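Geometric and topological summary
Chain by chain, the residues run as shown.
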Amino acid sequence: MAYIQRKTQTSVGNWTAYLNNVGLEGLLVETFVPLSTFAVPGVTVPLIAFAASGGAERAMLVGGGIMAAFDGRNQTGVDAKVGGVLGLAQYFAGLSGKFHTTSPPVGLRFLTSYLGGSWLAGSYALANFITFEELRDEVWDLVEDIFLPRSDSPTEIVDIAATLAAKAETGAPVSFVDPYGRLLAYHLFNDTRTPPNGTNGPGAATLWSSIKQTPKFLEAIVPFPIILSLGRAPAEDTVSIASPYEMTPYTFGTDLPSSGGLSVPIEFLGTNFTNGSPANASTCVTGFQNAGFLMGCSGNFLGVPVQIFIQQAIQGSPEIMAVLDESPDRLVLDGRVVNPFRGLASDGFPATNNTELFLLDGGFAGGIPFFPLLQPSRRLDVIIAIDALDEINNYPAGNQMRITYEQSLQPNYPPFPEIPRSSSFVAQGLNVRPVFFGSSCYPQPGGVETPLVVYLPNYFEVYPTNTASTQPSYSVEEQQGFYDNGYAIATQNGSSTWPSCLACALIDAQQARNGAARSSQCSDCFSRYCYLGEP
């Protein structure tokens, strides 16, 4: 992709500054880092991604604190020799979700709300990739209940109801995810423009594709954002993990191996396509890809407060309820999108005959968004995975890592490092420290080659961050505590050796491509941080 090539070229200076700051033994930085004209991702420069887990506001704050430390604009992080890692990454993927092996019964789906990763990635990108401290202090409103109207927005219910009515009037499919996405925007966006239909409020006119018009994205100096959702058949009560959809500033599509890969320009999402062509050759739908709506599709485990609020928002609007009542409850809770791939890949795309796609929480594919990053076309060397899921006492226990590994054993699924079962994961303490997983550590089962996963779990370092995923608000003091703990995780609380070991992980694949042997310093680091299989 052209953007990844450009981002790789603009990161050359970042690589020089970062590696000079870390000061790895025996590494000639001027030899390792190519001139920008020779910077080719995955050939002469490492390919790196961040993956942020779901876990509601807890995950957003955990991830924000860790990412703040890795930001080269954070002098404290630079002084700790980890600042600058963010500037090296080509991708940043997020999803909102907590994985369940089967879909909860319809009546129970309102009992939980697990979000976070796409909130972090989406709000960061839509705010022109400002610093994560600025994002927390100037954009997010987390002090007030995120599932209720803001106290300074007396017209919020009216505005959201008007937005849903305006969409329904166009004939577009609507669901509870539409007002839910607008609700998120009031707390996570700072875009107050009014769209052509006249409805207003934060995020009413914010399109996902607008990310590519932000100044920093135009300069190609920021990672490429991806959020993940899943689709299911209209009559399906359980959830198949076979239909993942990724949303980027350019496209909406699926990398489902059996489909051969399908995508449509994100600007035309909502258009009625058949066999790859619009039903009306002279008219394509635009404006459907509202950013709040798509982030809602990525994380639509709607909690009880959300249900109550949405019912209030649409009270007195029988025309809206009439639209929502056209489908069974389980479908109304999913994000509804006109199927742009109808008639395509008939043998390998489960929804080829469906008029609509029903999108639900991306966490059903696992709580960390690995799937889009593992695609062979992306050829990633390193995935830095931030795990803020709630598996043991609201801290992670490696369950989702294990699930992704088990998925990778299925035919046509991209390779993923071997991960122990949760009981062993916890017994070995892999959930309370950074860990490297992958074929760079030891030969994987079946001899597969995998990216190196640098795993950063949420755990207590300097502040307790095991709040419930259902906690709807956070005080200023709590937000700062989460950021302090994230900084401590990212720096290993000021460790003198961790920054070098992290740098060793980031350059290892490129050193191998360059024909350079792993240094003794890096060998020691891999011995210290690698998972080497069951003892």
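What counts and how
Residues numbered from 1 in each chain as written. Predicted model: local features only at pLDDT ≥ 70, side-chain atom pairs only at ≥ 80, totals over all residues. Heavy atoms only, no water. Helix = DSSP H or I, 4+ residues; strand = E, 2+ residues; numbered from the N terminus. Buried < 20%, exposed > 50% of the residue type's maximum accessible area, 1.4 Å probe, protein only. Contact = heavy atoms within 4.5 Å. Areas by Shrake-Rupley, 256 points an atom, 1.4 Å probe, with all protein chains shown as cover. Phe/Tyr/Trp six-rings, centres within 6.5 Å; stacked < 30°, edge-to-face > 60°. Lys NZ or Arg CZ within 6 Å of the ring centre and 35° of its normal. Salt bridge = Lys/Arg side-chain N within 4 Å of Asp/Glu carboxyl O. Disulfide = S-S within 2.5 Å. pLDDT = per-residue confidence, 0-100. Pairing = 2+ DSSP bridges.

What to know about the overall build of the protein chain
A tally of helices and strands in the protein chain yields 19 helices and 13 strands. In the protein chain, which comprises 535 residues, the share counted as buried stands at 62%. Sequence separation of at least 24 residues holds for 71% of the intrachain contacts in the protein chain that already meet a minimum separation of 6. Carbon together with sulfur atoms contributes 54% to the accessible area of the protein chain, which is approximately 18900 Å² in total.

Here we look at unusual backbone geometry
The phi torsion at N275 lies on the positive side, around 55 degrees, for a residue other than glycine. The phi dihedral of N394 falls on the positive side, at around 65 degrees, and the residue is not glycine.

Remarks on the packing of aromatic side chains
Counted by the stated rule, this structure contains 29 aromatic pairs. Aromatic pair Y3 and F224: ring centres 5.8 Å apart, planes at 40 degrees, arrangement tilted. With Y3 in helix α1 (residues 2-10) and F224 in strand β3 (residues 224-232), the pair connects residues that are 221 residues apart, well separated along the chain. This pair shows no difference in class: Y3 is buried, exactly as F224 is. When the ring of Y245 is compared with that of F252, the centres are 5.4 Å apart and the planes differ by 10 degrees; the resulting orientation is stacked. A relative accessible area of 1% places Y245 in the buried class. Over the aromatic face of Y483 sits the side chain of R136, whose NZ or CZ is 4.4 Å from the ring centroid.

With respect to the pattern of salt bridges
The final tally for this structure, using the stated rule, is 10 salt bridges. With a shortest N-O distance of 2.5 Å, K167 and D178 are connected by a salt bridge. Taken together, the residues K167 in helix α8 (residues 156-169) and D178 in helix α9 (residues 177-188) connect sequence positions 11 residues apart. Both residues of the pair, K167 and D178, count as buried. Salt-bridge contacts for E406 lead to R421; the nearest nitrogen and oxygen are separated by 3.7 Å. Note that E406 is positioned in helix α15 (residues 399-408) and R421 in the loop between α15 and α16 (422-427), a separation of 15 residues in sequence.

What about the side chain of Q511?
With respect to the element layout, Q511 can be found in helix α18 (residues 498-513). What makes Q511 buried here is its relative accessible area of 16%.

Considerations on the state of the cysteines
Going through the model one piece at a time under the given rule, you end up with 3 disulfides. Across the disulfide from C504 sits C522; the S-S distance is 2.0 Å. Taking the sign of the S-S torsion, about -80 degrees here, the bridge from C504 to C522 comes out left-handed. Here the residue C504 occupies a position in helix α18, and C522 occupies one in helix α19 (residues 520-529), the gap between them amounting to 18 residues. Look at C522 and you get buried, because its relative accessible area is 7%. When the bonded cysteines of the protein chain are numbered from the N-terminus onward, they pair as 1-6, 2-5, 3-4.

Concerning the confidence of the model for the protein chain
Of all residues in the protein chain, 84% attain a pLDDT of 70 or more, and the chain-wide mean is 85. Overall, residues 97-114 carries pLDDT values under 50, and its contacts beyond four positions in sequence, including any with other chains, amount to 66 contacts.

So, the environment of G122
Structurally, G122 can be placed in helix α6 (residues 117-126). Considering only alpha carbons, one finds G122 and G94, 28 residues apart in sequence, at a separation of 7.9 Å.

Describing the pairing of strand β11 (residues 382-387)
With 6 of 6 residues buried, β11 is to be regarded as a mostly interior element. Covered by surrounding structure in β11 are V382, I384 and I386 together with I383, A385 and D387, the residues of both alternating faces. As paired strands, strand β1 (residues 48-52) and β11 are joined by 5 bridges and run parallel to one another. Within β11, the position partnered with A49 by the bridge is I383. Pairing of β11 with strand β13 (residues 452-457), which is carried by 6 bridges, proceeds in the parallel orientation. In the strand pairing of β13, I384 is matched with V454.

Some thoughts on the pairing of β1
Of all the 5 residues making up β1, 5 are buried; the element is thus mostly covered by neighbouring parts of the structure. Here β1 shows two buried faces, one formed by I48, F50 and A52 and the other by A49 and A51.

Notes on the environment of G486
By the element assignment, G486 lies in helix α17 (residues 476-491). Separated by 418 residues in the primary sequence, G486 and A68 have C-alpha atoms spaced 8.2 Å apart. Once you skip the residues sitting within four places of it in the chain, G486 turns out to touch V62, G65 and I66.

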